[in-house]
Amino acid sequence: STPLYSSAASDVYKRQYAVRQGGGVVALTGADLLVAELKRQGVAWVATLCGNGLNPFYVACRRAGLRLIDTHNEQAAAYMADAYGRLTGRVGVCAVSSGVAHLNALTGVANAFFDGAPLLLITGASAGYGAGRGVFQEMDQVALAAPLCKFATWVSRASDLAFLVRQAFAAATSGRPGPVHLTIPIDILESQVDTPRNLVKKVYMGAVPTEWLDPKVTSEAAKVIGRAQRPLLIAGSGVFYAGGQGAMMRFSEASAIPIVTPIWDRGAVERPHPNFLGVVGAASGEPRLLADADLIILAGARVDYRIGFLTPPAVREDALIIRIDRDVHELRQGIEPDLALSVSPA
C-alpha cells in the first residue's frame, strides 16, 4: 500500500501514525498531526478535563500512546501544567473545552504568566468557531488569552498544526519563559490532511531557537551555503534597524551571493552595489530570482506576500531557507526554516 509519509518525513511521525487497518493506511487527521508534534517536542502527558471539541484529540492521544491525566476542573489542569513547567523548565501542556472551560483554565495560565513558567493551553471549540454564528459558548478565546500569553492564535487549517505547535513551544521557552495558547476547532482536528511541507522538511534548528550564535548551527549554515548553486539573500528592514548593512554587504561580497530587498524595505541596502539586484514584491514587476534559488537567506525580513510567502510556486519545492534575525520570536514567523540564527546576545 502507499506509505503515509515520504522518506524524508520525521521518524517520529512514521512510528506513531503509520497505522494500518485491513491492509490500508488510516488517513492522517489534524488531531493526529497535533499529537505527533507534541510527542516530537517531548510531551509525555497532557492534563485535561473532557468537554466540547476535544474528542478527536483524545482518540489521537490514545492511538499515539500519549498519556491523559483527567482532572476535576480546568483550573487544576492548568495548574498541573504550570507546576510541571516551573519544576522542569519544559513546557507543561493542558487541554480544555471551549467557553467557560477556557476561562477557568486562564487562572493557571495567569499564574504561569506572572512566574515565567512555560505552559501550552490547548482549547477546543465547535465547528464554525470564529464565524459569529453562535456555536456552543462562542467567545473570542484567543483575545481573552492573549494578554497573558507570549503567543496565542486560532488554528484555521489542519495543515498548519505542526508548524504552530513548534512556534508556540519556541515562544514559551525562549527569553523569559511563559504561557502560550492554541484554540483548535473540532472540524480542524477531524480534517484529513496531506503531508504538509513543513512536516517532511529536515529541520536543523531543533525545537527552540537560541539567543546566541550556536557554533554547531553556524557551522551547518556554512556547509549549506557552500553547497548552494543559486543562493539568494533577501535583506529586510531588520538589517537597517540593527545597523547591519555594512556586515551584510561584506558577507555578500565574500560569498558572491546576490541581494534583493522586499519592496518598502529599501533601507537595508544603503548604497549602489553590483550585488544588489533589485526589489521583489512590487506590483510593477520584479526580477525572476526567487523561483530559481536553491538557497534563500532571509536576513531581518518577514515572510509575507512580497516574497510569495516562501512557498511554491514562488520558490522551489526543494529550496532551503536560512533565517537570521535579532528577535528570536521572528525566527519561525510564517514558515519553518531549515536553519535559524539569532544575532542577539543572551
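Our subject in this report is the structure included herewith. (Residues numbered from 1 in each chain as written. Predicted model: local features only at pLDDT ≥ 70, side-chain atom pairs only at ≥ 80, totals over all residues. Heavy atoms only, no water.)

### As for the environment of Arg-306
Note that Arg-306 resides in the loop between β12 (295–299) and β13 (320–325). Residue Arg-306 is classed as buried on the basis of its relative accessible area of 9%. Separated by 45 residues in sequence, Arg-306 and Thr-261 place their C-alpha atoms 9.5 Å apart. Setting aside residues up to four positions removed in sequence, Arg-306 forms contacts with Pro-262, Ile-263, Trp-264, Asp-265, Val-280, Gly-281 and Glu-286. A polar contact is formed between the side chain of Arg-306 and the side chain of Asp-265, at a distance of 3.3 Å. A polar side-chain atom of Arg-306 sits 2.8 Å from a polar atom in the side chain of Asp-304. (Helix = DSSP H or I, 4+ residues; strand = E, 2+ residues; numbered from the N terminus. Buried < 20%, exposed > 50% of the residue type's maximum accessible area, 1.4 Å probe, protein only. Contact = heavy atoms within 4.5 Å. Polar contact = N/O pair within 3.5 Å; in protein donor to acceptor, adjacent residues only side chain to side chain.)

### Quick notes on the pattern of salt bridges
Summed over the entire model, instances satisfying the criterion amount to 13 salt bridges. The salt bridge partner of Arg-86 is Asp-82, with a shortest N-O separation of 2.7 Å. Of the two residues, Arg-86 and Asp-82 are both situated in helix α4 (residues 74–88); the distance of four residues between them amounts to about one turn of the helix. Through salt bridges with shared partners, a single network forms among Glu-37, Arg-40, Arg-166 and Glu-336. (Salt bridge = Lys/Arg side-chain N within 4 Å of Asp/Glu carboxyl O.)

### Some thoughts on the sheet that holds strand β3 (residues 45–48)
Across a sheet, strands are paired by hydrogen bonds formed along the backbone, either parallel or antiparallel in direction. With respect to topology, six strands assemble into an open sheet ordered β4-β3-β5-β6-β8-β7, the strand pairing being parallel. If you trace the sheet from one side to the other, it starts and ends with β4 (67–70) and β7 (151–154), each paired once. Within this sheet the neighbouring strands show an average axis-to-axis angle of 20°, counted without direction. Bridge count for strand β6 (residues 119–125) against strand β8 (residues 179–185) is seven bridges, and the pairing is parallel. When the sheet's bridge partners are listed, Ala-125 is paired in β8 with Pro-185. On the sheet, helix α7 (residues 161–173) packs against β5 (92–96), β6, β7 and β8 and is oriented at approximately 160° with respect to β8. (Pairing = 2+ DSSP bridges. Axes fitted to C-alpha atoms, helices over the stretch in contact; angles between N-to-C directions.)

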